[in-house]
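# Secondary and tertiary structure notes
Spelled out, the chains give:
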Amino acid sequence: MKKEVKKHEIVCESSNVNINNNYICAADFAIGNKIGKGAFGDIYWVQKKSSKKVYVMKKVYQNPKSYNREASCCAMVNHSCIVKYHYIFFQKHKEQKYLYLIMDHYPRSLKSYLKHRKVEKQTIPEEKICLFLYQILNGLLHLNELKLTHRDLKPENILINPANDKVVICDLGSAKNVDDGTYNKAYMCSRLYRAPELLCDCELYCEKIDIWSAGVIMGEIYLMRILFPGKDANQQLEYIEQLLGKLSPKDKKKLNSGFRDVNYTVEWKYDNWQDVLKSHAKTEFSPEAIELIQGMMHYDPQLRFDVKQCLSTPYFDKINIADIPLS
Ligand SMILES: Nc1ncnc2c1ncn2[C@@H]1O[C@H](COP(=O)(O)OP(=O)(O)O)[C@@H](O)[C@H]1O
Ligand SMILES: [Mg+2]
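About the thresholds
Residues numbered from 1 in each chain as written. Chains lettered and ligands numbered in written order. Predicted model: local features only at pLDDT ≥ 70, side-chain atom pairs only at ≥ 80, totals over all residues. Near = placed C-beta within 6 Å. Helix = DSSP H or I, 4+ residues; strand = E, 2+ residues; numbered from the N terminus. Nonpolar A, V, L, I, M, F, W, Y, C, P; charged D, E, K, R; others polar. Buried ≥ 20, exposed ≤ 12 C-beta atoms within 10 Å, placed from the backbone. Domains from an automatic or database assignment. Contact = placed C-beta atoms within 7 Å. Pairing = 2+ DSSP bridges. Axes fitted to C-alpha atoms, helices over the stretch in contact; angles between N-to-C directions. pLDDT = per-residue confidence, 0-100. Parallel < 35°, antiparallel > 145°, perpendicular 65-115°, else oblique. Left-handed = near helix turned anticlockwise from the far one by under 90°.

## Comments concerning the site of ligand 1
Ligand 1 sits among 21 residues. The nearest are Gly36, Gly38, Ser109, Glu156 and Asp171. Mapped onto the shell around ligand 1, the elements with two or more residues apiece are strand S1 (29-37), strand S2 (41-48) and strand S3 (54-61). When the residues that make up the shell around ligand 1 are grouped by side-chain class, the tally is 10 nonpolar, 7 polar and 4 charged.

Written out as structure tokens, the structure is:
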């Protein structure tokens, strides 16, 4: 049967996303209040006029001068730990091209969730933290399987439904296959969650930059405060060095070069996690939590755990698969 093609461009013919989007455009949705604002896109409540189903819509301006991978990445993903995209389409408005992403709604980002818990002076029990991390890491595992690195993992880009502790990764606006043999932009990922090799301007990094970010997020949930609150890239690295050991200029060069070389001179301060968590953590923590965070936050990307290593640490032994909310 011949497909009817509307005047706007369609991205995801054979994706996991509802193929009916061939017939979808912005006018098919009643647009409600703006609920979020990111660097590149605004987020609105929307209701699909025909089905009355309620979603969230992200509308992103497409700069014709720069290549934007968000649509193709969103069309690839299909996993319970990544926000579900129902419809993806481009549409022109006053000669400017926009990407529309229609997805499930989540009541909070992890950032606003943590802020709320802090204001309410509520700590987060370790079993809950474990459940959150399990879902974040499974989301990363799915991205890895698609050869995608998120490159902007941070609490704002993690969504949560506090009613059932469902957690998903969102915002694939920076995602990319970083292992395609080309150089990648080092100026990626929000500073507070940026891996040390990125802070050293490395352009040959790998997917483990996301593991670093996940480790920083893990520390932040236990401590209920930003782990490394650097005001600029230098200060960011200084905060990391205070905790993990001072990098020599030679170490920084190695981090910058992206060579897989374990011969660093930095004296790795393993014990610090124990001390930091003991004196500052708002939640009781287990030795397994220390083992995991140490593995996630290694300077050397080669020694840093990959996502499968993280998931196979004893920290997750207590996870009962039946407890993982599906949606
Ligand atoms: N599906 C969603 N449900 C609820 N809030 C969302 C959803 N998607 C995004 N948001 C909120 O909007 C913010 C911006 O969205 P995001 O996709 O991260 O845009 P940007 O690429 O501009 O950072 C997020 O930090 C989050 O707070
Ligand atoms: Mg974002």
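Picking up where we left off.
## Comments concerning unusual backbone geometry
We note that Glu95 has phi near 70 degrees; this positive angle belongs to a residue other than glycine. Position of Glu95 relative to the elements: it lies in the loop between strand S4 (85-93) and strand S5 (96-103). C-beta crowding within 10 Å serves as the criterion here: with 5 such atoms nearby, Glu95 is assigned to the exposed category. In the Ramachandran plot, Lys147 falls in the positive-phi region, its phi being about 65 degrees despite a non-glycine side chain. The residue Lys147 is located in the loop between helix H3 (126-145) and strand S7 (158-161) in this model.

## Considerations on the domain arrangement of the protein chain
Annotation of the protein chain at the domain level lists domain 1 (26-103) and domain 2 (108-323). Relative to domain 2, the C-alpha centre of domain 1 lies at a distance of 27 Å. Counting from both sides, the interface comprises 12 residues of domain 1 and, opposite them, 16 residues of domain 2. Across the side of domain 1 that touches domain 2, the residue classes break down as 8 nonpolar, 2 polar and 2 charged.

## Details of the pairing of strand S8 (residues 166-169)
Residues of S8 alternate between two faces, with Lys166 and Val168 on one and Val167 and Ile169 on the opposite face, all of them buried. Of the pairings in the sheet, the one linking S7 to S8 comprises 4 bridges and is antiparallel in character. Residue pairing in the sheet places Ile160 in a bridge with Val167 of S8. Turn length for the S7-S8 hairpin, with the two strands adjacent in sequence and antiparallel, is 4 residues, and the turn residue Asp165 shows positive phi of about 65 degrees.

## Side note on the sheet that holds S8
Paired through their backbone hydrogen bonds, the strands of a sheet run either parallel or antiparallel. The strand order across the open sheet built from 3 strands is S6-S7-S8, with neighbouring strands paired in antiparallel fashion. On the outer flanks of this sheet lie strand S6 (108-109) and S8, each paired with one strand and no other. Here S6 pairs with S7 via 2 bridges, running antiparallel. Note that in S7 the partner of Ser109 across the bridge is Leu159. Of the strands in this sheet, S7 and S8 touch H3, which is tilted by about 30 degrees from S8.

## A look at the confidence of the model for the protein chain
For the protein chain, the mean per-residue pLDDT works out to 88, and 92% of the residues sit at or above 70. Of the regions scoring below 50 in pLDDT, residues 1-16 engages in 29 contacts with residues more than four places distant in sequence or in other chains.

## What to know about the sheet that holds S3
Strand order in the open sheet formed by 5 strands is S1-S2-S3-S5-S4, and the pairing between neighbours is antiparallel. The sheet is open, and its two borders are formed by S1 and S4, each paired with just one other strand. Averaged over all neighbouring strand pairs, the angle between strand axes comes to 30 degrees, with direction disregarded. Of the pairings in the sheet, the one linking S4 to S5 comprises 8 bridges and is antiparallel in character. Bridging across to S5, Lys92 finds its partner in Lys97.

## Let's talk about the packing of H3 against helix H5 (residues 208-223)
Close contact between H3 and H5 brings their axes to 11 Å; oriented N to C, the two are set at 165 degrees. Relative to H5, H3 is oriented roughly antiparallel. Seen along the crossing, H3 lies across H5 with a hand that is right-handed. Contacts between H3 and H5 involve Ile129, Phe132, Leu133, Ile136, Leu137 and Leu140 from the former and Asp210, Ala214, Met218, Ile221 and Tyr222 from the latter. Residue composition of the contact of H3 with H5, by class: 10 nonpolar, no polar and 1 charged.

## Looking at the pairing of S1
Relative to S2, S1 is paired through 6 bridges, and the arrangement is antiparallel. Note that in S2 the partner of Ala30 across the bridge is Gln47. Connecting S1 to the antiparallel partner S2 that follows it, the hairpin turn spans 3 residues.

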